[in-house]
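The lines below spell out each chain.
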Amino acid sequence: MLSEHWERIEKVFAEAAQRSADERTEYLDAECGEDPELRSEIERLLHADERAGWFLEETVEAGAAALSGDIEQLRIGHRVGPYRLVRRLGRGGMSSVYLAERDDEQFRKRVAIKIMRRGMDTEDIARRFRSERQILASLDHPNIARLHDGGTTRDGLPFFVMEYIDGKAIDTYCNEHQLTVRQRLALMLPVLAAVHYAHRNLVVHRDLKPSNLLVTATGAPKLLDFGIAKLLNPELTTGNLASTRRVDQLLTPNYASPEQVAGGAITTASDVYSLGVLIYELLTGALPYRLTGSLKDMEHAICDQVPEAPGLGADVDNIVLMALRKEPSRRYGSVEQLAEDIERYLAGRPIIARRDTLRYRASKFVQRHRLGVATAVAGLLVMMGLIVALIVQSMRVVNERDRAERERDRATRVSAMVKDMFEIADPGEVRGSTITARELLDRGAAQLAEFEDEPETAILLDTLARLYEELGLFVSSIPLRERSLSIYRGAFGSQSAEVARALANLGRLRAWRGDFARAEPVFREALEIRRLLHGNDHRAVLWGINNLGLILHDLGDYRAAAPLYREGLEIQQRIRDEDEAAEGFLLGNQALLLYDLGEYQRAEGLYRQVLKRRTDSLGARSELTAAAHDELGMTLHARGLLDEAFEHLEAGLDIRKQLGEAQDRDVARSRSNLGRLLVDRGELDEAERLLRASLERRLALMGEDHPEVAASLKGLAALHLARGEAQESERLHDRVLRIYEASLPDRHPLIAEAELKLGELLMARDAFEEAEPHLRQAVEIRQSRLGEESWKVAEAILALRSCLTSLDRNEAARGLPPIDARAIIAELGDEHQRSRQALTRLER
Amino acid sequence: METARNASRGKTPDVTGLLSSWRGGDAGAISELMPAVYSHLRQLAERAMRGERRDHTLQATALVHEAFMRLSESAPIQWTDRRHFYAVAAGMMRRILVDHARALRTERRGAGWQKVQLGESDPVGKPPEIDLLALDEALDRLHRVDARKAQVVELRFFGGLSVAETAEVLAVSKPTIVLDTRLARAWLFSRLEESRDAQ
């Protein structure tokens, strides 16, 4: 029977539980004022009620899970194929492994049998096993546990019969035998040989981890489960960690490579990575990163978190970190190379692995702490550390000519200089406060101004300059680059590789600033030095040609740029190294030149090639693929193919947006191009949004007088015209023209575009007198820059003739060169708006 | 479907026969019924393990429920029998899980617990035995204070029955079950917390 007390508790609890917190107190005061015991019990229950949550479900759940895990134990004594299960050796998320015996006539054969859990895709596994068993069973290596057979149990579970290894997991073995770092590395060598052997037989392990790596009593390491991971789930080769169910049971995230986690292709490089994690763990006793929390957190840790160096000396650290690089292509090229580096280290020879990830890390760091994003002092120290390391590393490049000890001296000196550079007067003053990356750089630059002119200073200048450039702070970077150039000239002479490199850096910077005229001689000099140092057929020359071609292109000297690009492509054909990127650049630049010349059809063809090439070699979502989409879109737009243009421009914008903040400038470019297209498609509001966003960003990045700013303004001018706001359009075109005149070299074809546009607008409001000089200018520039035969020349002359005719200056009109409208129609077709305008004018 | 195949292949226990024996006072019938339920539960719990680990809360209990349904389908049972059956089966489920947890604890305390040496060694969930055993004891205590509330917990959480089914089995209204559950859960939670703090 229920006690009275309990019944009372039940009743009061039920009442109180249904009330809000405020009402409860009141209710309890009234109900159990004279019974403090009852009240405290009720309050205790209400408190528990709030926190109990799912505890009943979870408790029962945990019990059920434990129960199901123990089921395999019941298989002992049963037969699988010809084998009798003797005892269970281990159990994991998806499988259990048993020791099994086969009673043959003569002897007892012991094997290990791995039986998969229910729920695997049994038939597929069986099919894949049949197709791969030959390969797997033929893996014959002393350090690989043989796979004998496989099949399906009577109750339908896949199993694999493997060589039985009586051993301990490698981490346990190392710890129990208290192996030293060198011994541990040496123990890994046969493992690496085994993995490399499998790789040569086209088998990737995919699931390397300590429990798959046993060491026998005689100290021989043996690898288990080769190829099994792929048999079990081929999706894991491209599976996304977050979306692949069961992945946390199948694949051990601790050892999974970023590409395994993020859904990239799994190659031998993935095994290199997993071996890196394994070695890291064996040497330090810890994983390179802490994996906790959700799959998403793990994915983040694996894909983004840069592992801390093991701290076992530079060589070991470099070896391990090289194996652990996020990008497969930046790891060791093969397991053999990793093994060789370990051998070199063990033999006391110099290793190959270099910390060339530093620049990458420093720039990543700086990107994360972009302008205005304050970084704590701890972050500042990290960055200083990176800068020191970056500089010390770049010393090696510059000082190849120096002797080793001088190099070391220099490294020490530079480190000391960096400390001076970032000297913080009173650390207490800064502690807890924050500092932006930019403030940090400014501080460094100010200190550097006091330093003597010597190569070390130049290295520091270059490093700071690069970091400024990462932040888009080109103006701050230029004086640093200029000074480092002059230091190099003094130190190494004008015809040195250092000077060529410094020139190229400065030229690029000036080009970024739109200062093409001053970039050109710098690039030209760099190219001359390189031709002198390397001869013509050299990659450095190729890049020099590309740079100079681009500058001439930017200067509007299209006729001078064209042969350079051609020469570049020829050199590329001859040297044919694997640098496909260079070829891609040259092709892309040539396509852009054709676009600028108005040869849209040829440009389109080339761009399609460029897009395909980049998509194939760099992937669908690379920066350069985005550029190809964007420029192909522009070309299609120019040809009047608005729908297809839209697709490409939108694709380009999408990719660029996804690539993140660092692509600001490109995103603005994409927005501008898409906005201009939308104006022509009549989607004016969206066009305006895009164009304004692009203008704003460009103004912030480049200031008022940059040609790219003008490009956004041109779009806005077209927009206003489409809205019937001709006056605003005219004002904007006027501004575009002034920007071009201020920022572009004389007689740049873009000036002609602007002159023509403005002239057309003036004609539209019958201001023919005003229009005439603009149109004349357009004709003249086009004639000299594009060649007489260009349809753009014809177009401009038609406009000027129309203007003169309207002014009744027929004589002057007749004095203009004859016009062949066929050139226009041949390029644009007779449906294009520009063709139609030309035809109308011809008929008049 | 794999489960259907398993079900048709496995031996179907004569549930009805066993139940009537049990009602007829044959205490042995329960222990005969138990392995049958146990084997079904095993199959189903095994399936639970292949679900995504993070989101499978409630999955095992849902499977337990499914086991009961399957058992009752395999033998047409009268309504009163079904009520009894649920009650008995939920109790059995509780016993199975608790026994297993107890065995696990013994194994771990004794020499039987050793490090896995072959194959993956990912831990399967947290060690459940303490919680489940403590819950079992607390549930016994609750039974002494208020037997129906303890039954509600047994049916709903060990038996996986819904509120409506629990209400049917116990022949009370659904709101009563809801309230019973809430009080029972709070009571159990506060007692478990107390005994944990006392340790």
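The rules behind each value
- Residues numbered from 1 in each chain as written.
- Chains lettered and ligands numbered in written order.
- Predicted model: local features only at pLDDT ≥ 70, side-chain atom pairs only at ≥ 80, totals over all residues.
- Heavy atoms only, no water.
- Helix = DSSP H or I, 4+ residues; strand = E, 2+ residues; numbered from the N terminus.
- Contact = heavy atoms within 4.5 Å.
- Areas by Shrake-Rupley, 256 points an atom, 1.4 Å probe, with all protein chains shown as cover.
- Buried < 20%, exposed > 50% of the residue type's maximum accessible area, 1.4 Å probe, protein only.
- Pairing = 2+ DSSP bridges.
- Axes fitted to C-alpha atoms, helices over the stretch in contact; angles between N-to-C directions.
- Expected span 1.5 Å × (residues − 1).
- Polar contact = N/O pair within 3.5 Å; in protein donor to acceptor, adjacent residues only side chain to side chain.
- Parallel < 35°, antiparallel > 145°, perpendicular 65-115°, else oblique.
- Left-handed = near helix turned anticlockwise from the far one by under 90°.
- Core = buried A, V, L, I, M, F, W, Y, C linked by side-chain atoms within 4.5 Å.
- Phe/Tyr/Trp six-rings, centres within 6.5 Å; stacked < 30°, edge-to-face > 60°.
- Lys NZ or Arg CZ within 6 Å of the ring centre and 35° of its normal.
- Salt bridge = Lys/Arg side-chain N within 4 Å of Asp/Glu carboxyl O.
- pLDDT = per-residue confidence, 0-100.

(A) Up close: the overall build of chain A. Regarding its fold elements, chain A presents 39 helices and 11 strands. The contacts of chain A with a sequence gap of at least 6 include a subset with a gap of at least 24, amounting to 59%. Carbon and sulfur atoms provide 48% of the accessible area of chain A, an area that totals close to 37400 Å².

(B) Structural context of the overall build of chain B. Counting its regular elements, chain B contains 9 helices and 0 strands. Going residue by residue from the N terminus, the α and β elements of chain B occur as α-α-α-α-α-α-α-α-α. For chain B, the proportion of its 199 residues judged to be buried stands at 48%. Taking as baseline every contact in chain B between residues at least 6 positions apart, the subset at least 24 positions apart corresponds to 66%.

(C) Spatial organisation of the sheet that holds strand S7 (residues 167-169) of chain A. Residue and element names in this part refer to chain A. The strand order across the open sheet formed by 3 strands is S7-S8-S9, and the pairing between neighbours is antiparallel. With partners counted over all chains shown, the strands left at the sheet margins are S7 and strand S9 (221-223), one partner each. When the angles between neighbouring strand axes are averaged without regard to direction, this sheet yields 35 degrees. One ladder, built from 3 bridges, connects strand S8 (residues 213-216) with S9; its direction is antiparallel.

(D) Fine view of the environment of Gly444 of chain A. Looking at where Gly444 of chain A falls in the secondary structure, it is placed in helix H19 (residues 437-448). Distance in space between the C-alpha atoms of Gly444 of chain A and Leu464 of chain A is 7.6 Å, their sequence separation being 20 residues.

(E) Quick look at unusual backbone geometry. The phi torsion at Asp766 of chain A lies on the positive side, around 60 degrees, for a residue other than glycine. Residue placement: Asp766 of chain A occurs in the loop between helix H34 (749-764) and helix H35 (768-786). Backbone geometry at Ala171 of chain B places phi at a positive 55 degrees, although glycine is not the residue there.

(F) Examining helix H25 (residues 558-575) of chain A more closely. With 18 residues, H25 of chain A ought to run about 26 Å at 1.5 Å a step, and its terminal C-alpha atoms sit 26 Å apart, in line with that. Restricting attention to buried positions, one finds in H25 of chain A the residues Tyr558, Ala561, Ala562, Leu564, Tyr565, Gly568, Leu569, Ile571 and Gln572 of chain A.

(G) Up close: the side chain of His706 of chain A. Residues and elements named next belong to chain A. Along the polypeptide, His706 turns up in the loop between helix H31 (684-702) and helix H32 (707-722). His706 sits in the buried class, given a relative accessible area of 4%. Within the structure, His706 has its side chain in polar contact with the backbone nitrogen of Glu708 (distance 2.9 Å).

(H) Representation of the pairing of strand S6 (residues 158-163) of chain A. Residues and elements named next belong to chain A. In terms of residue burial, S6 counts as a mostly covered element, since 5 of its 6 residues are buried. Across 5 bridges, the pairing between strand S4 (residues 108-116) and S6 is antiparallel. Bridge pairing in S6 places Val111 opposite Glu163. Note that strand S5 (residues 147-152) and S6 share 5 bridges and pair antiparallel. Counterpart to Gly151 in the pairing with S6 is Phe159.

(I) Expanded view of the packing of helix H22 (residues 497-512) of chain A against helix H23 (residues 516-534) of chain A. All names here are of chain A. Their axes nearest at 8 Å, the elements H22 and H23 cross at an angle of 155 degrees. In terms of their interaxial angle, H22 and H23 are classed as roughly antiparallel. Note that H22 runs across H23; the crossing there is left-handed. Only Phe516, Arg518, Ala519, Val522, Phe523, Glu525, Ala526, Ile529, Arg530 and Leu533 of H23 make contact with H22, whose side of the interface consists of Ala497, Val499, Ala500, Arg501, Leu503, Ala504, Leu506, Gly507, Arg508, Arg510 and Ala511.

(J) Expanded view of the nonpolar core. Residue and element names in this part refer to chain A. Counting residues in each nonpolar core, the largest one holds 94 residues, and the members touching the most others are Leu674 and Leu775. If you tally residues by element for this core, the top one is helix H36 (residues 791-806), at 10 residues. Among all residues touching Leu775, those that are not within four sequence positions of it are Leu756, Gly759, Glu760, Met763, Ala799, Leu800 and Cys803.

(K) The arrangement of the packing of aromatic side chains in detail. All names here are of chain A. Applying the stated criterion across every chain, the model contains 5 aromatic pairs over all chains. Between Tyr595 and Tyr600, the aromatic rings sit 5.4 Å apart at their centres with planes inclined by 50 degrees, giving tilted as the arrangement. The ring of Tyr83 has Arg102 lying over it, and the distance from NZ or CZ to the ring centre is 5.7 Å. In this structure, Arg681 packs its charged tip against the face of Phe646, placed 4.3 Å from the ring centre.

(L) Quick look at the pattern of salt bridges. Residues and elements named next belong to chain A. Tallying each qualifying case throughout the model produces 68 salt bridges over all chains. A salt bridge links Arg19 to Glu15; the nearest nitrogen and oxygen atoms lie 2.9 Å apart. Owing to a relative accessible area of 29%, Arg19 belongs among the partly exposed residues under this scheme. Residue classification places Glu15 among the partly exposed residues on the basis of a relative accessible area of 33%.

(M) Here's a closer look at the confidence of the model for chain A. Residues and elements named next belong to chain A. Looking at chain A as a whole, its pLDDT mean stands at 80, while 79% of the residues score no less than 70. Every residue in residues 396-404 is under pLDDT 50, and counting partners more than four places away or in other chains gives 10 contacts. Confidence over residues 423-434 falls short of pLDDT 50; this stretch has 13 contacts with residues more than four positions distant or in other chains.

(N) Seen up close, the confidence of the model for chain B. Residue and element names in this part refer to chain B. Scored by pLDDT, chain B has a mean of 62; 43% of the residues are at 70 or more. Across chain B, helix H7 (residues 147-158) holds the top mean pLDDT of 89, while helix H1 (residues 2-9) sits lowest at 29. With pLDDT under 50 throughout, residues 44-62 is counted as low confidence; its partners more than four residues away or in other chains account for 50 contacts. Predicted confidence is poor over residues 109-130, with pLDDT under 50, and the contacts of this stretch with residues over four places away or in other chains come to 44 contacts.

(O) Region of the structure containing H32 of chain A. For H32 of chain A, spanning 16 residues, the distance from its first C-alpha to its last is 23 Å, which sits close to the expected 22 Å at 1.5 Å a residue. For H32 of chain A, the tally of buried residues reaches 13 of 16 residues, placing the bulk of the element in the interior.

(P) A look at the environment of Ala626 of chain A. Residue and element names in this part refer to chain A. When you line up the elements, Ala626 lands in helix H28 (residues 623-638). Sequence separation between Ala626 and Asp666 is 40 residues, and the spatial gap between their C-alpha atoms is 9.0 Å. Once residues within four sequence positions are removed from consideration, Ala626 is found in contact with Gly652, Ile655 and Arg656.

(Q) A look at the side chain of His832 of chain A. All names here are of chain A. Checked against the element boundaries, His832 lands in the loop between helix H38 (821-828) and helix H39 (833-843). We classify His832 as buried; its relative accessible area is 13%. A polar side-chain atom of His832 sits 2.8 Å from the main-chain carbonyl oxygen of Ala638. His832 has contacts with Ala638, Arg639 and Gly640, leaving out every residue within four places of it along the chain.

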